[in-house]
Amino acid sequence: MQIIRYSQHNQEPGYGWILDDKVGPLSAPPFGPYRRMDAVVPLSTVKLQAPVLPGKIIAVGRNYPEHAKEHEEEVPDTPLIFLKPPSSVIGLEEQILLPPQSKRVEYEGELAVVIGRGGRWIDIRIIEEFILGFTIANDVTARDLQRSDGQWTRGKGFDTFCPLGPWIETDLDVSDVLITTRVNDEIRQMASTREMVFNIPQLVVYVSSIMTLNPGDVILTGTPAGVGKLEEGDVIEIEIEGIGKLKNAVAIDLRQGL
């Protein structure tokens, strides 16, 4: 099932589901009991929002060997995790804003895990009970700031630096799906999730051994090789088999000082 957050006629966003290009509301957020209402509204008439507003975003670095290699870094022995702020989240077709503090902002196409049930020290044998589904993410990174700071909060944390969407796919085997990133219709990244150093069950178990995972939290599972610089006017599209496409344009952030 595809779960969305959507709005109509400038109303507050709500959760819904998709059936044959039609949208129906959910009676409650999908992290607990809910009912699916009739899907009668054409998908083309609603505005898709980021499919979840996470309490926290846990991202994983260097989880594809070729990506570590392109940055002349070693593959870590244990998952290398960091946090992105919830304020970095945007949705489908929203603009990625290039901040004035950085001279090199890069894209990173990734598979994202959406937590459905909270837990700590999650047992890998029942991992499916804790995952609501999967969506697409762009772990946008100010690479120059990441390198100069020596830690990653600023370089990863600007507003608009975590596009998510277009929806949450709840029924998908993501052990071997293709991730493709295009910039202005040119392929820049292409790899399978089978190339991950640490797979999704391992990542969820590892993160939950450190911090409690809450419903709606998101884990970004790392990016393949092929990351590169974004420029004003670029259009970036990330496609994951079985989920769909996440598309965002790039603009200069003109809001500073306002």
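Structure first, text after, so check above.
Residues numbered from 1 in each chain as written. Predicted model: local features only at pLDDT ≥ 70, side-chain atom pairs only at ≥ 80, totals over all residues. Heavy atoms only, no water.

Student: Pulling in residues and values, what's your account of the overall build of the protein?
Tutor: The helix and strand inventory of the protein stands at 4 helices and 19 strands. Expected size for 258 residues packed as a compact globule is a radius of gyration near 18 Å; at 18 Å, the protein falls within 12% of this value. Evaluated residue by residue, the protein yields a buried proportion of 52% over its 258 residues. Long-range pairs, those at least 24 residues apart, make up 70% of the contacts in the protein between residues at least 6 apart in sequence. (Helix = DSSP H or I, 4+ residues; strand = E, 2+ residues; numbered from the N terminus. Rg over C-alpha atoms; globule rule 2.2 N^0.38 Å. Buried < 20%, exposed > 50% of the residue type's maximum accessible area, 1.4 Å probe, protein only. Contact = heavy atoms within 4.5 Å.)

Student: Provide a residue-level description of the environment of S148, including the pertinent values.
Tutor: Position of S148 among the secondary structure elements: in helix 2 (residues 143–149). Since its relative accessible area comes to 54%, S148 is described here as exposed. Among the polar contacts made by the side chain of S148, one reaches the main-chain carbonyl oxygen of L145 at a distance of 3.3 Å. (Polar contact = N/O pair within 3.5 Å; in protein donor to acceptor, adjacent residues only side chain to side chain.)

Student: Describe a nonpolar patch on the surface, and please don't skip the residues or the numbers.
Tutor: A cluster of nonpolar side chains, namely L178, I187 and M190, defines an oily patch on the protein surface of about 260 Å² accessible area. Inspection of the secondary structure assignment puts L178 in strand 15 (residues 178–183). (Patch = residues over 30% accessible without salt bridge, like charges linked within 9 Å, V, L, I, M, F, W, Y side chains within 5 Å. Areas by Shrake-Rupley, 256 points an atom, 1.4 Å probe, with all protein chains shown as cover. Salt bridge = Lys/Arg side-chain N within 4 Å of Asp/Glu carboxyl O.)

Student: So what's going on with the sheet that holds strand 16 (residues 186–192)? Residues and values would help.
Tutor: One open sheet holds the 5 strands; their spatial order is 9-19-18-15-16, and the pairing between them is mixed. Strand pairing shows two members of the sheet lacking a second neighbour, strand 9 (96–98) and strand 16, which therefore form its edges. The mean inter-strand angle of the sheet, taken between neighbouring strand axes irrespective of direction, is 20 degrees. With 6 bridges joining them, strand 18 (residues 235–240) and strand 19 (residues 244–252) adopt antiparallel strand pairing. (Pairing = 2+ DSSP bridges. Axes fitted to C-alpha atoms, helices over the stretch in contact; angles between N-to-C directions.)

Student: Report on the pattern of salt bridges, specifying residues and quantitative values.
Tutor: Close approach of charged atoms allows side chains of opposite charge to pair. According to the stated counting rule, one finds 17 salt bridges in the structure shown. For D139, the salt bridge identified is with K84, shortest N-O distance 2.7 Å. Remark: K84 occurs in strand 7 (residues 80–84) and D139 occurs in the loop between strand 12 (131–138) and strand 13 (141–142); sequence separation between them is 55 residues. The residues D139 and K84 share a single accessibility class, namely buried. One salt bridge in this structure joins E186 and R188, with 3.6 Å as the shortest N-O distance.

Student: Residues and numbers for helix 4 (residues 200–208), please.
Tutor: Counting along an α-helix, one turn takes 3.6 residues, and residues three or four places apart therefore face a common direction. Along helix 4, the residues classified as buried are I200, L203, V204, V207 and S208. Seen along its axis, helix 4 keeps its buried residues to an arc of 120 degrees; they face one direction. Among the structural elements, strand 6 (57–61), strand 7, strand 11 (109–115), strand 12 and strand 17 (218–220) are those in contact with the buried residues of helix 4. (Arc of directions from axis to C-beta.)

Student: Tell me about the side chain of T193, and name the residues and values.
Tutor: Relative to the elements of secondary structure, T193 occurs in the loop between strand 16 and helix 4. In this structure the side chain of T193 is engaged in a polar contact, spanning 3.3 Å, whose partner is the backbone nitrogen of D176. The contacts of T193, once residues within four sequence positions are left out, are Y64, L111, V174, S175, D176, V177 and I179.

Student: For the nonpolar core, give the residues involved together with the corresponding values.
Tutor: The tendency in soluble globular proteins is for nonpolar side chains to be buried side by side. Of all hydrophobic cores here, the largest spans 50 residues; its most connected members are L111, V204 and I219. Counting residues per element, this core draws most heavily on helix 4, at 4 residues. When residues no more than four places from it in sequence are discounted, the contact partners of V204 are V113, I122, I127, I131, L213 and I219. Within the second largest apolar cluster, 20 residues are counted, among which are A50, V52, V89 and A137. (Core = buried A, V, L, I, M, F, W, Y, C linked by side-chain atoms within 4.5 Å.)

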